[in-house]
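# A closer look at the structure
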Amino acid sequence: MKPVILIFAFNRPSHLSKLLNSLFLNKESKQIPIIIFIDGPRNNNDKKCICSVKKVINHYKSYSKSIKIISRRKNLGTQQSIISGVTKYIKQYKSAIILEDDLVLDQFFLQYMINSLEIYKSNKEVFHISGYSFLSNTNSKRAVFSRFMNCWGWATWTDRWSLLNRDINYLSSSFSKKEIYQFNINDSHDFYRQIIENKVGIINTWAIFWYATIFKSNGLCLTPVTTLVNNNGNDGSGINQGSKLRNIN
């Protein structure tokens, strides 16, 4: 069964247009089902922007045999929108490629994702396929395994996503000092702090739970040596600002 592409959009029509344009430069996109989620408005300005987002999607509808739009009535926020959308549709399609509207894809992004999902579908150690790379192309390998999870264009399977642990009390109390050091990439960045900040309500993010799930399961993330995704959202337009490489959402 082919994976499904799940795209999460909100109020940025120009960003979504760039994403879809880059997506349809991937020849495989014409044969894969695509579901686009549009989060609900928070105010009148959002309503106007969402209308423009729908026009962008309608413009690209002829590029694919299967584009489904799910438009939320209420604003769910990034965490609930992504987790609920992935959870529902990955069960149906068994694997999914997940994109947010601020990404721009390489023309070989889908080829890499589809091949990787097929190759590692039975390898339960592999939880996550990353499209973005923080590495430099210094050898002949196309991809390497890492414990670090990045959510700039990624993919997984239903059996691994079903292990997602959102028990904030467990996650905030179960890490040993050694695990915190490893989770923080040998203390290069304080990812564990995001678990605590989610617990006390300072932030409300989703990807830190997926990263923690992978980490606690001793899972692996496949990462390309050369990045296949660029992020176009660090321009002040997003809900969660800052680099997602360092600040997992």
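These remarks concern the structure in this document. Just so we're clear, the structure is a prediction, and the values are computed from it rather than from any experiment.

Here we take up the packing of aromatic side chains. Taken as a whole and assessed by the stated rule, the structure comprises 21 aromatic pairs. For the pair Tyr 120 and Phe 145, a centre-to-centre distance of 5.4 Å together with 80° between the ring planes defines the contact as edge-to-face. Taken together, the residues span a long stretch of sequence, with Tyr 120 in the loop between α4 (109-119) and β6 (126-130) and Phe 145 in strand β7 (residues 143-146) at a distance of 25 residues. Their ring planes at 40° and their centres at 5.7 Å tell us that Trp 154 and Trp 161 sit as a pair that is tilted. One aromatic cluster in this structure is built from Phe 134, Phe 148, Phe 175, Phe 183, Phe 191, Tyr 192, Tyr 211 and Phe 215. Sitting over the face of the ring of Phe 175, Lys 216 holds its NZ or CZ atom 4.4 Å from the ring centroid.

Attention now goes to α4. The set of residues buried in α4 consists of Phe 109, Leu 110, Tyr 112, Met 113, Ser 116 and Leu 117. Seen end-on, α4 carries its buried residues on one side only, within an arc spanning 160°.

What follows covers the nonpolar core. Leu 6, Trp 161, Phe 183, Ile 195, Trp 206 and Trp 210 are the most contacted members of the largest nonpolar core, which totals 38 residues. When contributions to this core are tallied by element, the ones reaching two or more residues are β1 (4-9), β2 (34-38), α3 (77-93), β4 (95-100), α6 (168-173), α8 (192-200) and α9 (207-216). Per-element accounting of this core gives the leading share, eight residues, to α9. For Trp 161, the contacting residues outside a window of four places in its chain are Ile 83, Val 86, Thr 87, Ile 90, Trp 154, Thr 156, Trp 206 and Trp 210.

The rules behind these values
Residues numbered from 1 in each chain as written. Predicted model: local features only at pLDDT ≥ 70, side-chain atom pairs only at ≥ 80, totals over all residues. Heavy atoms only, no water. Phe/Tyr/Trp six-rings, centres within 6.5 Å; stacked < 30°, edge-to-face > 60°. Helix = DSSP H or I, 4+ residues; strand = E, 2+ residues; numbered from the N terminus. Lys NZ or Arg CZ within 6 Å of the ring centre and 35° of its normal. Buried < 20%, exposed > 50% of the residue type's maximum accessible area, 1.4 Å probe, protein only. Arc of directions from axis to C-beta. Core = buried A, V, L, I, M, F, W, Y, C linked by side-chain atoms within 4.5 Å. Contact = heavy atoms within 4.5 Å.

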